[in-house]
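Observations on chain architecture
In case you want the letters, here they are:
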Amino acid sequence: MYHASRTGSIEVIAGVMFSGKSEELIRRVRRALIARRRVQAFKSHLDDRYGGITRISSHTGVEIEAGPVDTSAAIFRLVRPDTEVVAIDEAQFLDPGIVAVATSLAERGVRVLLAGTDTDFRGEPFGRMGELMAIAEQVEKLQAICVVCGDVACRNQRLINGRPARWDSPTIMVGGSETYEARCRRCHRVPRQDEDQTRIL
Ligand code: ADP
Ligand code: ZN
């Protein structure tokens, strides 16, 4: 059993896309490296994997290397006994086991940093983000800027072929182009099936 000299903790960086979560995660990792802590970074997204290494990158272009993982068990397996800080990006995509993994890492003295989108395109809780926010010592909830009105944005607007995606639209798109925008609550649109598309656009 590894005995860490420090008390572990869980920190969550939550918010919509473009709110600066990756920027903030990278900032905390950089500071941990300056403090000479042993850091391991992971990203639960497999799309941009290449050569066993992926990158945590912010929309401003700053990036750090991260191990690509598709399960919380993989993170647990890959964390080395002497690692002091574990940073995880895109935590919303991870399976429910991430809650137990974050907890046991923190219990053995690891500082666990988790960044993720806490609401999906419907504005509903995403993956285990809500639970992670509840068990964390510290939560930072960030907002973006609404691209429609310039107010602060708390929602992810999903667009399929340039139009607001319907409530029941498929999670995985086959054909067609899909994009996301940051929007405020008032400008956020999630048409229901029975609504007239032209009226709500
Ligand atoms: P996240 O990880 O939350 O998606 P990033 O850290 O990757 O966010 O990117 C945040 C950066 O994106 C901001 O600092 C800003 O330069 C840029 N950005 C682009 N669009 C927006 C927007 N609508 N609102 C806020 N920032 C935006
Ligand atoms: Zn708005």
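Position numbers for residues count from 1 along each chain, tracking the sequence in the order it is written. The order in which chains are written sets their letters, starting at A; the order in which ligands are written sets their numbers, starting at 1. Per-residue local features of the predicted model are confined to residues with pLDDT of at least 70, and side-chain atom pairs are confined, for both listing and counting, to 80 or more; whole-chain, interface and lining totals are unaffected and use all residues. Calculation of side-chain values draws on the structure's entire complement of heavy atoms; hydrogens and water are dropped beforehand.

1. Looking at the nonpolar core
By convention a nonpolar core is built from buried Ala, Val, Leu, Ile, Met, Phe, Trp, Tyr and Cys residues, the set being connected through side-chain atoms within 4.5 Å. Accessible area is worked out with a 1.4 Å probe on protein chains only. A residue is then buried under 20% of its type maximum, exposed over 50%, and partly exposed in between. Core analysis: the biggest nonpolar cluster contains 24 residues, and Ile75, Ile88 and Leu114 have the highest contact counts within it. Numbering of helices and strands runs from the N terminus; a helix is a DSSP stretch of H or I covering at least four residues, while a strand is a stretch of E covering at least two. Every element with two or more residues in this core is listed here: strand E1 (9-15), helix H2 (72-78), strand E5 (85-89), helix H3 (98-107), strand E6 (111-117) and helix H4 (129-135). Take this core: its biggest share by element is six residues, from H3. Contact definition: two residues touch when any of their heavy atoms are within 4.5 Å. Contact partners of Leu114, with chain neighbours within four places excluded, come to Ile10, Glu11, Val12, Ile13, Ile88, Ala91, Ile98, Ala102 and Leu132.

2. Structural notes on the coordination of the zinc ion (ligand 2)
Within the protein, Cys146 (SG), Cys149 (SG), Cys184 (SG) and Cys187 (SG) serve as the donor atoms for the zinc ion (ligand 2), at 2.3 to 2.4 Å. Note: metal donors comprise N, O and S atoms at 2.8 Å or less from the metal (3.2 Å for Na, K and Ca); water molecules are not included, so apparent gaps in a site are possible. Four donors are marked tetrahedral only if all angles between them lie between 85 and 135 degrees, whereas four are marked square planar and six octahedral if opposite donors are more than 155 degrees apart and the other angles lie between 65 and 115; the remainder are marked irregular. Geometry at the zinc ion (ligand 2) is tetrahedral, judged from its four donor atoms and the angles of 100 to 118° they form at the metal. For the zinc ion (ligand 2), the donor residues sit on a single chain with the sequence spacing C-x2-C-x34-C-x2-C. One end of the pair, Cys146, is in the loop between strand E8 (144-145) and strand E9 (152-153); the other, Cys184, is in the loop between strand E12 (178-183) and helix H5 (197-200), with 38 residues separating them in the sequence. Judged by its relative accessible area of 5%, Cys184 falls in the buried class.

3. With respect to the sheet that holds strand E4 (residues 63-68)
Across a sheet, paired strands are connected by hydrogen bonds in the backbone, their directions being either parallel or antiparallel. With mixed pairing, seven strands are arranged side by side in an open sheet as E3-E4-E2-E5-E6-E1-E7. If you trace the sheet from one side to the other, it starts and ends with strand E3 (54-57) and strand E7 (138-142), each paired once. The mean angle between the axes of side-by-side strands here comes to 30°, regardless of whether they run parallel or antiparallel. For two strands to pair, DSSP has to find at least two bridges joining them. When E1 meets E7, the two strands line up parallel, connected through five bridges. Within E7, the position partnered with Ile13 by the bridge is Glu140. For helices, the fitted axis covers only the stretch in contact; all axes are lines through C-alpha atoms, and the angles between them, taken along N-to-C directions, range from 0 to 180 degrees. On the sheet, helix H1 (residues 21-34) packs against E1, strand E2 (39-43), E3, E4, E5, E6 and E7 and is oriented at approximately 165° with respect to E6. Strands in contact with H3 are E1, E5 and E6; relative to E6, the strand with the most contacts, it is inclined by about 155°.

Any link to function would need more than the numbers given here.
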